[in-house]
Amino acid sequence: MPRYARSEREALADLLLELGPDAPTVNEGWTTRDLAAHLLVRERRPDAAGGILLPPLRRYGEAVRRRVAATPYAELVARVRRPPAWSPLSNPLTDELVNTVEFFIHHEDVRRARPGWLPRDLPDGLQAVLWRRAALLARMALRRFPAALLVQAPGFGELTVGRTGERLRLVGAPGELALFLSGRQRVSRVQVDGPAAPAERLRAADLGF
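First things first, this report covers the structure right here in the doc. (Residues numbered from 1 in each chain as written. Predicted model: local features only at pLDDT ≥ 70, side-chain atom pairs only at ≥ 80, totals over all residues. Heavy atoms only, no water.)

### What to know about the pattern of salt bridges
Next, step 1: What the rule picks out here adds up to 16 salt bridges.
Next, step 2: Residue glutamate 108 pairs with arginine 112 through a salt bridge whose shortest N-O separation is 2.7 Å.
Next, step 3: Its relative accessible area of 1% is what places glutamate 108 among the buried residues.
Next, step 4: Within this structure, Glu8, Glu108, Arg111, Arg112, Arg120 and Glu176 form a network of salt bridges that share partners. (Salt bridge = Lys/Arg side-chain N within 4 Å of Asp/Glu carboxyl O. Buried < 20%, exposed > 50% of the residue type's maximum accessible area, 1.4 Å probe, protein only.)

Next comes the structure, spelled out in structure tokens:
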């Protein structure tokens, strides 16, 4: 069985080491050091990881992330590369389910902050995983979007979300859709067809979690 979570983790760790601690990322205000610290908190500090999603815990989570970020950079990356012996997010039952898309997206966060980046040629198996996540993100993030939105990943699937009204079509490869629907619209290569106003609203929407 392909281990896409493992391969994306390894590729991200290699790139983090290559670029060093101060390289930019797609995440506004975050360097590669900040991103590495985020991944460690998510995976190893369940007491603080809730701040990633829950506003009441955000201040505490960010304080922990900043302390973790003070770790020597080579050690940070080594810990990103080697998941803990056990974690709710990184164990044989959950690793592929929850980490494949997480590490794919953050790998692209680093890749696409550099000039001259190009989309990777991804295996069909990974694209299928990314389409399932993109479809879930679309249902969650766009269920109340004020237009009828057809999301299409040619060769992998399509779905309709949003409300009735003006019609839009969002088309792209699964990885590009996963990036777009996780709030990385400006670095995702997708096609948005339809009236200009709702199309621009979609491109500017706060879609991250």
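### Brief notes about the nonpolar core
In globular proteins that are soluble, nonpolar side chains generally tend to be buried together.
Next, step 1: Grouped together as the largest cluster of nonpolar side chains are 24 residues, with contacts concentrated most on Leu142, Val151, Leu170 and Leu181.
Next, step 2: Looking at this core, the elements that each hand over two or more residues are helix H7 (124-141), strand E1 (148-153), strand E2 (157-162), strand E3 (167-171), helix H8 (174-181) and helix H9 (196-204).
Next, step 3: Among the elements that take part in this core, H7 stands out by supplying five residues, more than any other.
Next, step 4: Core analysis: the next-biggest nonpolar cluster, separate from the first, contains 19 residues, Leu12, Leu16, Ala36 and Val68 among them. (Core = buried A, V, L, I, M, F, W, Y, C linked by side-chain atoms within 4.5 Å. Helix = DSSP H or I, 4+ residues; strand = E, 2+ residues; numbered from the N terminus.)

### Observations regarding the packing of H7 against H8
Next, step 1: Running from N to C, H7 and H8 cross one another at 30 degrees; their axes reach a closest spacing of 8 Å. The orientation of H7 relative to H8 falls into the category roughly parallel. Handedness of the H7/H8 crossing: left-handed. Facing H7, whose interface residues are Gln127, Leu130, Trp131, Ala134, Leu137 and Ala138, H8 presents Pro174, Gly175, Leu177, Ala178 and Leu181.
Next, step 2: Here the contact of H7 with H8 is built from residues that sort into nine nonpolar, two polar and no charged. (Axes fitted to C-alpha atoms, helices over the stretch in contact; angles between N-to-C directions. Parallel < 35°, antiparallel > 145°, perpendicular 65-115°, else oblique. Left-handed = near helix turned anticlockwise from the far one by under 90°. Contact = heavy atoms within 4.5 Å. Nonpolar A, V, L, I, M, F, W, Y, C, P; charged D, E, K, R; others polar.)

### Structural notes on helix H6 (residues 95-111)
Next, step 1: Look at H6: 22 Å from first C-alpha to last across 17 residues, which is about the 24 Å you get at 1.5 Å a residue.
Next, step 2: When you tally the buried positions in H6, you get 14 out of 17 residues, the bulk of the element. (Expected span 1.5 Å × (residues − 1).)

### A few points about the sheet that holds strand E4 (residues 191-193)
Next, step 1: Pairing is mixed in the open sheet, where four strands are placed in the order E2-E1-E3-E4. Single-partner strands in this sheet number two, and they are E2 and E4. Averaged over all adjacent pairs, the angle separating strand axes in this sheet is 15 degrees, with direction ignored.
Next, step 2: The pairing of E3 with E4 spans three bridges and is antiparallel. The partner of valine 171 across the bridge, within E4, is glutamine 191.
Next, step 3: Relative to E2, H7 is tilted by about 10 degrees, and along the sheet it contacts E1 and E2. (Pairing = 2+ DSSP bridges.)

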